[in-house]
Amino acid sequence: MPELPEVETVRRRLAPFLEGRTIAMAEVDDARLVRPEDPAAVAARLGGARIVGLGRRGKYLLVHLDDTSTLAVHLRMTGNLLVGADTVPAHRRAVLHLDDGSRVDYTDLRRFGTWQLLEGAPELAEFLDARLGAEPLDPDFDAGTLRRAFAGRRAPVKALLLDQRLVAGVGNIYADEALHAARIHPETPAGAVTRPALARLATAVRDVLEIGIAAQGATLRDYRTPEGGYGSMQERFQVFDRTGEPCPHCGAAIVKTRVAGRGTHLCPRCQRRPRA
DNA sequence: CGCCCTGTTGGGGA
DNA sequence: ATCCCCAACAGGGC
């Protein structure tokens with residue numbers, strides 16, 4: 001489910017239903033969800049709280065409460081938040097009952113997702129700052145941001161792009177897409193990426209994330225239209241999950257390799273491996 | 001039918 | 001600094 005565009009889509013979809021509402025009761029059925037804290041204690045804390053707003057930082061969805069605490073929700077691989085379901089959805093791990101009688105269901109097939117309750121703005125800031133670097137959609141995100149983050153580093157540029165402490169919110173799909181758009185081989189040592197390439201990459205990261213948001217997260221692998229199709233051509237990726245298909249830019253066959261422990265898709269003609 | 005491999009993320013240990 | 005493994009489960013390929 002996640003990747004930044006999907007989290008942002010969930011935030012925008014839920015906000016009208018949640019903002020201003022009071023949580024009448026919360027149920028947390030999965031002990032791991034809020035570890036290391038006690039699920040019952042967190043549920044009790046949520047009960048009676050009013051939701052003043054929904055935010056996002058990186059891939060964290062932030063549920064701001066009127067007692068200055070914030071519930072930081074991370075959906076990891078398969079988490080999702082649903083409103084208005086008329087039956088209990090599969091793999092439900094937690095529920096928020098709102099004061100208007102509606103329900104928010106949290107589902108998570110693989111149970112990697114987390115709910116972290118943070119007390120007050122300083123604790124929230126400390127939590128986020130320890131984990132997240134630059135926001136790629138902020139106006140000041142540019143080539144200089146990447147140059148400072150990559151300086152002197154020899155790890156593959158894709159590995160650093162995926163490091164949330166450097167750039168917040170880039171996942172495996174959008175890393176492949178951004179590197180392809182910027183014509184950078186994913187195994188290029190990060191510190192060796194040229195200045196012009198860094199400028200292309202900064203633009204590409206922002207562009208692919210904004211395209212994903214504009215498509216309302218409809219870019220995921222398992223997304224299908226109600227008729228079972230893929231939707232418009234623009235909703236498909238350029239390289240991700242397109243092994244063997246022609247590169248939209250040059251026509252060469254997309255190849256799949258492994259970089260930073262993750263499946264990696266690239267065009268061998270557009271993204272030349274730099275020689276040492 | 002069963003086995004093996006893969007995976008949209010992040011944390012911890014080597 | 002970098003790399004590997006793991007969490008828990010489903011789905012696809014063979």
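Note that the structure is predicted; figures quoted are calculated from it, not measured. As a convention, each chain's residues are numbered from 1 in the sequence order in which they are written. Chain letters start at A and ligand numbers start at 1, both assigned in the order the entries are written. Only residues with pLDDT of at least 70 get local features here, since the model is predicted, and only at 80 or more are side-chain atom pairs given and counted; chain-wide, interface and lining totals rely on the full set of residues. Values reported for side chains reflect all heavy atoms of the structure, with hydrogen atoms and water molecules removed beforehand.

S.K.: Where do I start with the overall build of chain A in this structure?
M.R.: Strands are runs of DSSP state E lasting at least two residues, helices are runs of H or I lasting at least four, and both sets are numbered from the N terminus onward. Within chain A, the regular secondary structure consists of 7 helices and 10 strands. Only C-alpha atoms enter the radius of gyration, while the globule expectation follows 2.2 Å times N to the 0.38, with N the number of residues. For chain A, the C-alpha radius of gyration of 20 Å lies close to 19 Å, the compact-globule estimate for 276 residues. Seen along its three principal axes, the alpha-carbon backbone of chain A occupies a region of about 60 × 45 × 30 Å. A simple rule labels every residue: compare its accessible area, found with a 1.4 Å probe on the protein chains alone, to the largest value its type can have, and call it buried under 20%, exposed over 50%, or partly exposed in between. Taken over 276 residues, chain A has a buried fraction of 49%. The contact definition used throughout considers only heavy atoms, calling two residues in contact when any of these lie within 4.5 Å. In chain A, the proportion of contacts linking residues at least 24 apart, taken out of those at least 6 apart, comes to 62%.

S.K.: Help me understand the pattern of salt bridges, please; the structure alone is not making it clear to me.
M.R.: Put simply, a salt bridge is a Lys or Arg side-chain nitrogen that is within 4 Å of an Asp or Glu carboxyl oxygen. This model, assessed by the stated rule, comprises 16 salt bridges. In this structure, Arg 21 and Asp 100 form a salt bridge, with 3.8 Å as the shortest nitrogen-oxygen distance. Taken together, the residues Arg 21 in the loop between α1 (4–18) and β1 (23–28) and Asp 100 in the loop between β6 (92–98) and β7 (103–108) connect sequence positions 79 residues apart. Overall, the relative accessible area of 28% leaves Arg 21 in the partly exposed class. Taking the relative accessible area as the measure of exposure, Asp 100 reaches 43% and is therefore partly exposed. Ionic pairing is found between Asp 30 and Arg 111, a salt bridge with its closest N-O pair at 3.9 Å. Here Asp 30, found in the loop between β1 and α2 (39–46), pairs with Arg 111, found in the loop between β7 and β8 (114–118); they are 81 residues apart in sequence, far enough to count as distant. Taking relative accessible area as the criterion, Arg 111 reaches 40% and is therefore assigned partly exposed. Here the salt bridges share partners, and the residues they tie into one network are Glu 8, Arg 11, Arg 12, Arg 56, Arg 57 and Glu 135.

S.K.: Looking at this structure, I do not really get the domain arrangement of chain A. What am I missing?
M.R.: Interfaces are frequently sized by the accessible area removed from exposure as the parts join. Source of the domain bounds: an automatic or database domain assignment. According to the domain assignment, chain A contains domain 1 (4–129) and domain 2 (143–266). Each of domain 1 and domain 2 has a C-alpha centre, and these two points are 29 Å apart. With 9 residues of domain 1 at the interface, the matching set in domain 2 holds 13 residues. By definition, the buried area sums, over both parts, the 1.4 Å-probe accessible area that each loses when the two are put together. Both sides of the domain 1 and domain 2 interface together cover about 810 Å² of buried area, and 69% of this is carbon and sulfur. Between the two partners, domain 1 and domain 2, sit 0 salt bridges. Pairs of N or O atoms within 3.5 Å make up the polar contacts considered here, provided that, within protein, one atom can donate a hydrogen while the other can accept it, and that residues adjacent in sequence are counted only when both atoms are side-chain atoms. Run the count over domain 1 and domain 2 and you get 0 residue pairs in polar contact (both at pLDDT 80 or more). When residues in the side of domain 1 that touches domain 2 are grouped by element, the largest group, 6 residues, is from α1. Three residue categories are used. Nonpolar comprises Ala, Val, Leu, Ile, Met, Phe, Trp, Tyr, Cys and Pro, charged comprises Asp, Glu, Lys and Arg, and polar comprises the others, including Gly. Broken down by class, the residue content of the side of domain 1 that touches domain 2 amounts to 2 nonpolar, 2 polar and 5 charged.

S.K.: Can you help me understand a negative patch on the surface in this one?
M.R.: Where like charges cluster on the molecular surface, the negative patch consists of Glu 37, Asp 38, Glu 123, Glu 126 and Asp 129. Tracing the backbone through its elements, the reader meets Glu 126 in helix α3 (residues 120–131). Each patch is built from salt-bridge-free residues with over 30% relative accessible area, joining like charges within 9 Å and nonpolar side chains (Val, Leu, Ile, Met, Phe, Trp, Tyr) within 5 Å. In this description, accessible areas are obtained by the Shrake-Rupley approach with a 1.4 Å probe, and a residue is regarded as covered only by the protein chains that are shown. Under the convention used here, Asp and Glu are negative, Lys and Arg are positive, and both His and the chain ends fall outside the count. By convention, the charge on Lys lies at NZ, on Arg at CZ, on Asp at CG and on Glu at CD.

S.K.: Mind showing me how you'd approach the protein's contact with DNA strand B here?
M.R.: We call a residue near a molecule or strand whenever a single non-hydrogen atom of that residue lies within 4 Å of it. In the region of DNA strand B, 22 residues are neighbours, and Lys 59, His 74, Arg 110, Lys 256 and Arg 262 sit closest. A share of 58% of the atoms of DNA strand B within 4 Å of the protein falls on sugar and phosphate groups. At 3.4 Å from a phosphate oxygen of DNA strand B is found a side-chain nitrogen or oxygen belonging to Gln 164. For DNA strand B, a phosphate oxygen lies 2.7 Å from a polar atom in the side chain of Lys 256. Secondary structure elements with two or more residues in the surface near DNA strand B: α6 (172–181), β9 (255–259) and β10 (262–266).

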